[in-house]
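The primary structure of each chain is shown beneath.
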Amino acid sequence: MEIEKIDQIIDRHNGEASNLLQIMLDIQKENNWLSKQALARVSEKLSVPLTRIQHIATFYKAFSLVPKGRHKVHICVGTACHVRGATRILDTVEDATGIKPGETDLDLKFSLETVNCLGCCALGPVMEVDGKVHGKMSPVKTARTLKIYE
Amino acid sequence: MGDIQFEIDGKTVTADQGMTVLEAAQKEGIYIPTLCHHEKLEPFGGCRLCIVEVEDRGWTKYVVSCVFPAANGIIVRTRSEKVDRLRKTIIELLMAHAPDAPDLLKLAREYGADPDRYERDPSFCIHCGLCVRYCAEVAGKHAVGFVDRGINKEISFVPEIAAKECNDCKECFPLCPTSYLQAAFVYTQALSFPDAVKTGQSAGK
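Residues numbered from 1 in each chain as written. Chains lettered and ligands numbered in written order. Predicted model: local features only at pLDDT ≥ 70, side-chain atom pairs only at ≥ 80, totals over all residues. Heavy atoms only, no water.

What follows deals with the pairing of strand β2 (residues 11-15) of chain B. All names here are of chain B. One ladder, built from 5 bridges, connects strand β1 (residues 4-8) with β2; its direction is antiparallel. Residue pairing across strands places glutamate 7 opposite threonine 12, the latter belonging to β2. Hairpin connection from β1 to β2: 2 residues lie between these consecutive antiparallel strands, with aspartate 9 at a positive phi of about 50°. (Pairing = 2+ DSSP bridges. Helix = DSSP H or I, 4+ residues; strand = E, 2+ residues; numbered from the N terminus.)

We now examine the nonpolar core. Looking at soluble globular proteins, one finds that nonpolar side chains tend to be buried together. Counting 39 residues, the largest nonpolar core has Leu20, Met24, Ile27 and Val42 of chain A together with Ile155, Phe157 and Leu181 of chain B as its most contacted members. When neighbours within four sequence positions are excluded, isoleucine 155 of chain B is seen to be in contact with Cys125, Cys131, Val132, Val144, Gly145, Phe146, Tyr180, Leu181 and Ala184 of chain B. (Core = buried A, V, L, I, M, F, W, Y, C linked by side-chain atoms within 4.5 Å. Buried < 20%, exposed > 50% of the residue type's maximum accessible area, 1.4 Å probe, protein only. Contact = heavy atoms within 4.5 Å.)

Residues and elements named next belong to chain B. You can read the domains of chain B as domain 1 (4-78), domain 2 (80-122) and domain 3 (130-204). Spacing between the C-alpha centres of domain 1 and domain 2 amounts to 21 Å. Facing 14 residues of domain 1, the contacting portion of domain 2 comprises 12 residues. With both chains or domains summed, domain 1 and domain 2 bury close to 1000 Å², and 72% of this area falls on carbon and sulfur atoms. (Domains from an automatic or database assignment. Buried area = accessible area lost by both parts, 1.4 Å probe.)

Residue and element names in this part refer to chain A. Spatially, the 4 strands line up as an open sheet ordered β2-β1-β3-β4, and their pairing is mixed. What marks the edges here is a single partner per strand, and that holds for β2 (110-115) and β4 (132-134). Ignoring which end each strand starts from, the neighbouring axes of this sheet average 25° apart. Of the strand pairs in this sheet, strand β1 (residues 71-76) and strand β3 (residues 127-129) are connected by 3 bridges, and their pairing is antiparallel. Residue pairing in the sheet places isoleucine 75 in a bridge with methionine 127 of β3. (Axes fitted to C-alpha atoms, helices over the stretch in contact; angles between N-to-C directions.)

A cluster of basic side chains, namely Arg84, Lys136, Lys141, Arg144 and Lys147 of chain A, defines a positive patch on the protein surface. Among the structural elements, arginine 144 of chain A can be located in helix α7 (residues 139-148). (Patch = residues over 30% accessible without salt bridge, like charges linked within 9 Å, V, L, I, M, F, W, Y side chains within 5 Å. Areas by Shrake-Rupley, 256 points an atom, 1.4 Å probe, with all protein chains shown as cover. Salt bridge = Lys/Arg side-chain N within 4 Å of Asp/Glu carboxyl O. Lys, Arg positive; Asp, Glu negative; His and termini not counted. Charge placed at Lys NZ, Arg CZ, Asp CG, Glu CD.)

All names here are of chain B. Secondary-structure assignment places glutamate 92 in helix α2 (residues 81-97). Looking at glutamate 92, the relative accessible area reads 1%, which means it is buried. A polar contact is formed between the side chain of glutamate 92 and the backbone nitrogen of aspartate 114, at a distance of 2.9 Å. Beyond its immediate sequence surroundings of up to four residues, glutamate 92 is in contact with Ala113, Asp114, Arg117 and Tyr118. (Polar contact = N/O pair within 3.5 Å; in protein donor to acceptor, adjacent residues only side chain to side chain.)

Our next topic: the domain arrangement of chain A. On domain assignment, one finds that chain A holds domain 1 (3-59) and domain 2 (71-148). On a C-alpha basis, the centroid separation for the pair domain 1 of chain A and domain 2 of chain A is 31 Å.

A few words on the packing of helix α1 (residues 3-12) of chain A against helix α3 (residues 36-46) of chain A. Residue and element names in this part refer to chain A. Interaxial distance between α1 and α3 falls to 10 Å at its minimum, and their mutual angle equals 45°. Classified by the angle between their axes, α1 and α3 sit oblique to one another. Judged by the sense of rotation from one axis to the other, the crossing of α1 with α3 is right-handed. Contact residues: α1 offers Ile3, Ile6, Asp7, Ile10 and Asp11, while α3 offers Ala38, Arg41, Val42, Lys45 and Leu46. Its residues assigned to classes, the contact of α1 with α3 comprises 6 nonpolar, no polar and 4 charged. (Parallel < 35°, antiparallel > 145°, perpendicular 65-115°, else oblique. Left-handed = near helix turned anticlockwise from the far one by under 90°. Nonpolar A, V, L, I, M, F, W, Y, C, P; charged D, E, K, R; others polar.)

Listed by partner, the interface residues are 13 residues for chain B and 9 residues for chain A. Carbon and sulfur atoms supply 58% of the area buried between chain B and chain A, which totals about 930 Å² over both sides. If you sort the residues of chain B by the area they bury against chain A, His142, Arg149 and Val158 of chain B come out on top, with a joint share of 46%. Remark: the boundary between chain B and chain A carries 1 salt bridge. Inspection of the region where chain B meets chain A yields 3 residue pairs in polar contact (both at pLDDT 80 or more). Looking at the side of chain B that touches chain A, the elements that each hand over two or more residues are β6 (144-147) and α5 (159-165) of chain B. The leading source of residues in the side of chain B that touches chain A is β6 of chain B, at 4 residues. Taken together, the residues that form the side of chain B that touches chain A break down as 6 nonpolar, 3 polar and 4 charged.

In structure tokens:
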């Protein structure tokens, strides 16, 4: 991510240290991850120590210190989805993308995570891609759904 | 000066506005065990060992004295059956992380704590935050900080800053109640700036 873009985001928040979290969230949103250079720049511009930024970046799950894929795939493995076969859905996604939960594939297409409940158990097993919920999944349907995303 | 009056272990003590119970006790020479307190640093409340019994308007409660502000008319007991029991458990929990820390071994003998009560998970860091806070508040270098949270929380040096600042400072080393800080530093050094080790050694000789 270019320095200018980071500076723009910082300026949008008036360069105030109290807006640190929002600035970090905006960088995360724009870039999909927080690079060391980006964090160093934020630290320099806001005069907030890097140790503090590092602590915050590792504390919240919303932040990632490694590049994330363009599409975020969440597989629900909560109780309801689990008994309805979430593990088979997860296996299908792992086979199709070649990654395990918590990982990102090499061309930064997909990032895979498991979640413990998406709050729509009646639709189980549930897969969520970029915030869109796909319910009542079967392995075949899962493979087909993943093909939509580029 | 001394506008707050209260009682610690039957002794009347005075404290200034904003002082904590632990500070008032130490001023009077009353001993309360602690691992995360340092007079130059802000109160932190990390190790919980300085837990005491406070009686306020007839109510008894258990508070951590290093972050509990002194107040008029409270009665503090630094040792009681329950306080000792709480401290014993805290020591046992800390010892699961740092079984060989000298301070903990001493406290374990005093409170009859069993070092093997909890399954050992030697991370060697007890998260007292002394190094992190000293580096930020006194040294002003911010070379070491906490990362992650909960059971995965650990201290971590920022290699770029550590390479510049740490070799000439190392003031945090004697503060660490275990030896984890030194280990973490040597680890960072070996990974990120091994050249400094060589030049440091030749300069030392």
